[in-house]
Amino acid sequence: MDYALLASIFCAAFAVAFGAIGPALAEGRAVAAALDAIARQPDAANTISRTLFVGLAMIETTAIYCLVIALLLLFANPLLA
Amino acid sequence: MKSPLDPTVLFQIGPVAITQAIVTTWAIMAILVIGAFAVTRRLNLRPTRWQAALELMVATLDTQITETTGVAPAPYRGFIGTLFLFILVANWSSLLPGIDPPTARLETDAALAVLVFLSVIWFGIRASGVGGWLKSFATPNPVMIPLNILQSLTRVFSMFVRLFGNVMSGVFIIGIVASLAGLLVPIPLMALDLLIGLVQAYIFAVLAMVFIASAVEGGARTQPNADLALYPTKKDP
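Keep in mind that what you see is a predicted model, and the values were worked out from it rather than measured. (Residues numbered from 1 in each chain as written. Chains lettered and ligands numbered in written order. Predicted model: local features only at pLDDT ≥ 70, side-chain atom pairs only at ≥ 80, totals over all residues.)

Here we look at the overall build of chain A
Right, on to step 1. Along its length, chain A carries 2 helices and 0 strands.
Right, on to step 2. Here the C-alpha atoms of chain A give a radius of gyration of 18 Å, more than 25% beyond the 12 Å that 2.2 N^0.38 yields for 81 residues.
Right, on to step 3. In terms of principal-axis extent, the alpha carbons of chain A reach across some 60 × 15 × 10 Å.
Right, on to step 4. A sequence separation of at least 24 residues applies to 83% of the contacts in chain A between residues at least 6 apart. (Helix = DSSP H or I, 4+ residues; strand = E, 2+ residues; numbered from the N terminus. Rg over C-alpha atoms; globule rule 2.2 N^0.38 Å. Contact = placed C-beta atoms within 7 Å.)

Pasting the structure below:
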């Protein structure tokens, strides 16, 4: 049994699973706040939604880092070489 | 499944392997250079349709640079604009069948990030001299020197992992969905990919501009966290 292989597959899955929790909560909060702001000030909807998109992409990057780590574990793992 | 980190080697020139990403990069460079040359060859006071489109792009770029950093856009227009247009065209090149975007490769993004890193040094030295640039590492006090050096490296690193991760994950997920579900199913994901490509190109350019501006402003005002300083003027009253 190759424990390094098993461990890296499990760690890749855990990295994505737990790494997605934080950004998911954060994106929900960001969208809620942006909707609130648009409801208060519909005139500023353009600026708010542009800032929202950039902010969402920034938040999403945290999850993407976890995905990169998972792919590194699966495809470029130095322990399995 | 094919690893997204392995390069696709097309042919060899001597000992140098030419990958598909490099050929795509050359094609994009050729398109951008020839397009820019062709549009700006006959500039007129009464703009043609193409010239008007180009003027619109340049004006939008200038507005964005001024809004995000509050500096005069002229010295940075060329670099930031080229960066934005190249990454945008590269991200959207995945629309053509059979072409992987070169930004989904680690090497291309690393090269772009190194360009940003060097340009931050270049603009910083040009604005305040070598002494002033070195002194900017010692703000607010000399205890921060290692942290400032570390920050100038890690922010560039995070920039290129961000671009790589976003574009690569888009391509990867489309590949997975296409192999699991069928030919036409990933079309909504591709539409989302267009949006992500645009937003990532914008973010890369804006972050580069924020880093350059913080280096140019030097010791006068430090940016503790450039990500938070994206929209310094747009706080709700």
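Additional details are given in the paragraphs that follow.
Re helix H2 (residues 45-75) of chain A
Right, on to step 1. Taking 1.5 Å per residue as the helical rise, H2 of chain A with its 31 residues ought to reach 45 Å, and the 43 Å between its terminal C-alpha atoms agrees with that figure.
Right, on to step 2. Maximum bend of H2 of chain A: about 30 degrees, positioned at Thr62 of chain A.
Right, on to step 3. For H2 of chain A, every residue scored as buried is listed here: Ile48, Gly55, Glu60, Thr61, Ala63, Ile64, Cys66, Leu67, Val68, Ala70, Leu71 and Leu73 of chain A.
Right, on to step 4. Against helix H1 (3-40) of chain A together with helix H5 (145-181) of chain B lie the buried residues of H2 of chain A. (Expected span 1.5 Å × (residues − 1). Bend = angle between axes of the 7 residues up to and from the residue. Buried ≥ 20, exposed ≤ 12 C-beta atoms within 10 Å, placed from the backbone.)

Some words on the environment of Leu195 of chain B
Right, on to step 1. Structurally, Leu195 of chain B is set in helix H6 (residues 187-217).
Right, on to step 2. Taking the C-alpha atoms as reference points, Leu195 of chain B and Leu184 of chain B, 11 residues apart in sequence, are found 19 Å from one another.

Points about the interface of chain B and chain A
Right, on to step 1. With 16 residues of chain B in contact, the opposing surface of chain A contributes 14 residues.
Right, on to step 2. Every element with two or more residues in the side of chain B that touches chain A is listed here: H5 and H6 of chain B.
Right, on to step 3. By residue number, the principal contributor to the side of chain B that touches chain A is H5 of chain B, which donates 5 residues.
Right, on to step 4. Along the lines of polarity and charge, the residues of the side of chain B that touches chain A split into 8 nonpolar, 5 polar and 3 charged. (Nonpolar A, V, L, I, M, F, W, Y, C, P; charged D, E, K, R; others polar.)

Details of the pairing of strand S1 (residues 9-13) of chain B
All names here are of chain B.
Right, on to step 1. With respect to burial, S1 is a largely exposed element, only 0 of its 5 residues being buried.
Right, on to step 2. Inspection of the sheet shows S1 paired to strand S2 (residues 16-19) by 4 bridges, in the antiparallel sense. When the bridges of S2 are listed, Ile13 appears paired with Val16. (Pairing = 2+ DSSP bridges.)

From the geometry alone we can't say anything about function, so treat these as descriptive.
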